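# Structure at a glance
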Amino acid sequence: MRYNILIGGSAGQGMDTFSVLLEKILKRKGYYVFSNKDYMSRVRGGHNFIQIRFSTEPVYSYDDELDIIIGFDQNTVNFHSDKLKENGVFLCDENVKWEDNRTITIPMLKIAKEIGHARVFGTVGMGAVLKILGMSDSKVDEVFETKWEKETSESNKEAFKRGYHYVESRFESKEGTAENTILINGNQAIALGAIAGGVSFYSAYPMTPSTSIMTYISSKETEANLVVEQAEDEIAAINMAIGASFTGVRTMTGTSGGGFSLMTEALGLAGITEIPLVVANVQRPGPATGLPTRTEQSDLSFILTASHGEIPRMVLAVKDPEDAFYQTVRALNIADKYQMLVIILNDQYLADATQTVDEFNFDNLSIDRHIATASDIDLENYKRYEVTESGITPRVILGKIEGLTVIADSDEHTEEGHITESSEVRIEQMQKRMKRMDLLREELIEPDYFGDEDPETLLIGWGSMYGGLREATELLQKDGHKVGSLVFGDIYPLPTNLLEQYSKSVKTIVNVEQNYTGQLAKLIRQETGIHCEKNILKYDGRQLYAKEIYSRIKEEVL
Amino acid sequence: MNYNKEFDNNTEISWCPGCGNFGILNALKISFTELDLSPKDILVVSGIGQAAKTPHFINVNGFNGLHGRGLPSALGAKSVNKSLKVIVTSGDGDSYGEGGNHLIHNIRRNIDITHLVHNNQIYGLTKGQGSPTTAMGQSTTLQSDGMKVDPINPISTAIALGCSFVARSFSGDINHLKEMIKAGINHKGYALIDILQPCVTFNRINTFKWYKDRIYYLDSEYDPFNKLKAFEKSLEWDDNIPLGIIYKEEKIEFLDRFPHLKGKKSLVDKSLDPKEAEQFIEEFI
């Protein structure tokens, strides 16, 4: 059992609340839920829509064959009615007109006004949706009661009931059986990972679609005892984070492409001063202002070398909210362990896509600071940038060791941290810094593989392409194709074992990416010499979904 | 004047002989000594420029960051360790040009930082171009036919923004300078100290004598809490340049604006446990 619902309307009509509550009710009923948002860069008006998919089986991507459309505006008819299935239902208020036998019109606003609160008109529709789906009204009351104060909750319950009884059931729904799940989006998962991973200082400048990370962490500022600072610009944001990290706490900053561009000089600062730093870049389509509220995976090539000069860096892409949570904690640990820059790549699609995932397990998490105390160092001879076998020098917290001061410098520096132009020292310090990449390579995570044991066609993708590729692979396998997919999380340094193994036996390698130039394919060619023969690329700001990947592979590759 | 020799380090100083920076460096060491501070409890942050090399020439914690970006790094450091005395030492180009935006916003924050601007009215490190405080019409190695933009008045700007401590001093008067630095460090909030400092190589106009002939000291009659009078005072330049604390304002310090940080240990001292974040999972169930 699997249903796809689309909610369309203009900004300010309460679609977000409608969707959040419906998702929560479905989740509490034991279904697997996946929802993604498509919104315009405006506060009022325009046309936005949210797609909710739910099932008794896990869901990883969205689909555009719709069972139910809820239309809050006429544009919903114009833009989406062609995707409604033959047996689907178009649900709307009297203000929206669609002459079609699949339309069910409910006087939502009129009912809401009878109840005494015009604002609850959407809840009338929600009641109707659950009835149409053939579901009981279980979990509704508890979700409403958690969301609202008593009075508001009561009028919404009434609205729900009126809508529920206004229509007949059209579909049958099996009971949901999912247990111990949570409903969370990609950015919330990164933010929760940051808090669990011990971030004490988060500085950022608001930029869509990264802002919700800052908003979430900020909402926990008191309970988690940390500081979130809205910087005057992204340059300030990253330099603040570096200053706080130098002093001794875990820090993080987050932004999107334009802000990341402003941060690039400071990436080099973190590199040359060997200060741990985690930067989240939640991508949106560029260049310049691009498409502010939409999605793309087009910052990869840029991020691999962003900042002048050469520094050690790690780039990892998150694949779903669960992965985003654990990888954020891991990124913070790696940054501290190797005293280096770790960049987390997310994108608008995953940032805003809400998904049911297994409840996060906090028991196995650890915070490994790798901080030296007085007993770990030889005070007389301590040098912050001493050249060591591994390239890593013990790091201390400022002001904690009697008689010890530390200096960090953006210039090339001696082992003591003072400016130098010595050729020998330059070579030693460059080697010291870059050497840690060898250690990092030892602990890389290979990409996920799913599909045929002996594939003829290998699909390759990264980050948010995970869900779509997973379902697309299943669909292609059902058609009898010998297909497998490799999806990269750790992306730089590039883990190459599985890639090299599969590339030897497959006939065709297809790169599936959300950009124009095939950036992962370029990286793979650069690092391994392996050539992806085909590319499935998309750069209109809308995420490739499973069926789309499936059809394009059928048309363009197989 | 003596200072505690533990503030000395053996780094070779790369400033020109006779540079005004030497006076500022000495005044810093004397101020730290007279305030009875220990090197490990001080952090000197800078951007880029001749003045910004200061952290290398004194034995305290130092952070020599990016051009114009000393202030944000200093804010990050102070925010997580309130027991550190955080001083920013940078030039007029770094503080008023490249980093001008950070000046504005850290005055708004009133973070407890002492910001020393080594104001020599010229670019030294890059060899003599005009700076944000170079006089209109003054010729430089780049603007050979004279500056075509007005100089910024940092004192007026800071007062207009409601900076809680605004002072001016002179690198040629170490006694006055160290008193200003000490007052700045003791001030709980953002202290801007604009220090007139001759560049002996590239600024042939604003020489030691030029400053000496024009400076005068604010006396005890002067009330720095009167904003309008302070603004009027800040406009004095050309023939009479006032030195001293020009403006003060009672204001809540940045970290005191976070109720949850009050009376607590610095963030750098808090213990970390991932399990503590488990409470936040509730809203996603």
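Treat the numbers as computed from the prediction; the structure is a model and nothing was measured.

On to the overall build of chain A, then. On a plain count of helices and strands, chain A comes out with 18 helices and 21 strands. Taking 558 residues into account, the globule formula puts the C-alpha radius of gyration at 24 Å, and chain A, at 26 Å, falls close to it. Reported as C-alpha extents along the three principal axes, the dimensions of chain A are approximately 80 × 60 × 40 Å. Intrachain contacts of chain A at a sequence separation of at least 6 include 74% that bridge at least 24 residues.

Relative orientation and spacing of two packed helices are given, respectively, by the angle between their axes and the distance between those axes. All names here are of chain A. The interhelical angle for the contact between helix α3 (residues 108-115) and helix α6 (residues 150-166), taken along N-to-C directions, is 140°, at an axis separation of 10 Å. As the angle between them shows, α3 and α6 are arranged oblique. In the crossing of α3 with α6, the sense of the turn from one axis to the other is right-handed. For the pair α3 and α6, the contacting residues are Ile111, Ala112 and Ile115 in the first and Ser155, Glu158, Ala159 and Arg162 in the second. Residues that form the contact of α3 with α6 fall into these classes: four nonpolar, one polar and two charged.

All names here are of chain A. Following both chains from N to C, one finds helix α7 (residues 186-196) and helix α12 (residues 321-338) inclined at 30°, their axes separated by 7 Å at the closest point. In this view, α7 runs roughly parallel relative to α12, as classed from their interaxial angle. Viewed along their axes, α7 and α12 form a crossing whose handedness is right-handed. Where α7 abuts α12, its residues Gly186, Ala189, Ile190, Leu192, Gly193, Ala194 and Ala196 lie against Pro321, Ala324, Phe325, Tyr326, Thr328 and Val329. In the contact of α7 with α12, the residues fall into 10 nonpolar, three polar and no charged.

In this complex, chain B contributes 45 residues to the contact, which on the side of chain A involves 59 residues. Mapped by element, the contributors of at least two residues to the side of chain B that touches chain A are β2 (61-64), α2 (70-80) and α4 (100-109) of chain B. Counting residues per element, the side of chain B that touches chain A draws most heavily on α2(B), which supplies eight residues. Grouping the constituent residues of the side of chain B that touches chain A by class yields 22 nonpolar, 16 polar and seven charged. Alignment of strand β15 (residues 407-409) of chain A against β2(B), held across three bridges, turns out to be parallel.

Note the cis peptide between Gly286(A) and Pro287(A), where omega equals -10°. In this fold, Pro287(A) is placed in the loop between β11 (277-283) and α11 (300-305). For the bond running from Tyr492(A) to Pro493(A), omega is 0°, close enough to zero to count as cis. At Lys139(A), a position not held by glycine, the phi torsion is positive, near 75°. Mapped onto the secondary structure, Lys139(A) falls in the loop between α4 (121-132) and α5 (140-147). Judged by local crowding, Lys139(A) falls into the partly exposed class, with 18 C-beta atoms found within 10 Å. Although it is not a glycine, Lys127(B) adopts a positive phi angle of roughly 75°.

The rules we used
Residues numbered from 1 in each chain as written. Chains lettered and ligands numbered in written order. Predicted model: local features only at pLDDT ≥ 70, side-chain atom pairs only at ≥ 80, totals over all residues. Helix = DSSP H or I, 4+ residues; strand = E, 2+ residues; numbered from the N terminus. Rg over C-alpha atoms; globule rule 2.2 N^0.38 Å. Contact = placed C-beta atoms within 7 Å. Axes fitted to C-alpha atoms, helices over the stretch in contact; angles between N-to-C directions. Parallel < 35°, antiparallel > 145°, perpendicular 65-115°, else oblique. Left-handed = near helix turned anticlockwise from the far one by under 90°. Nonpolar A, V, L, I, M, F, W, Y, C, P; charged D, E, K, R; others polar. Pairing = 2+ DSSP bridges. Buried ≥ 20, exposed ≤ 12 C-beta atoms within 10 Å, placed from the backbone.

Geometry only, nothing functional implied.
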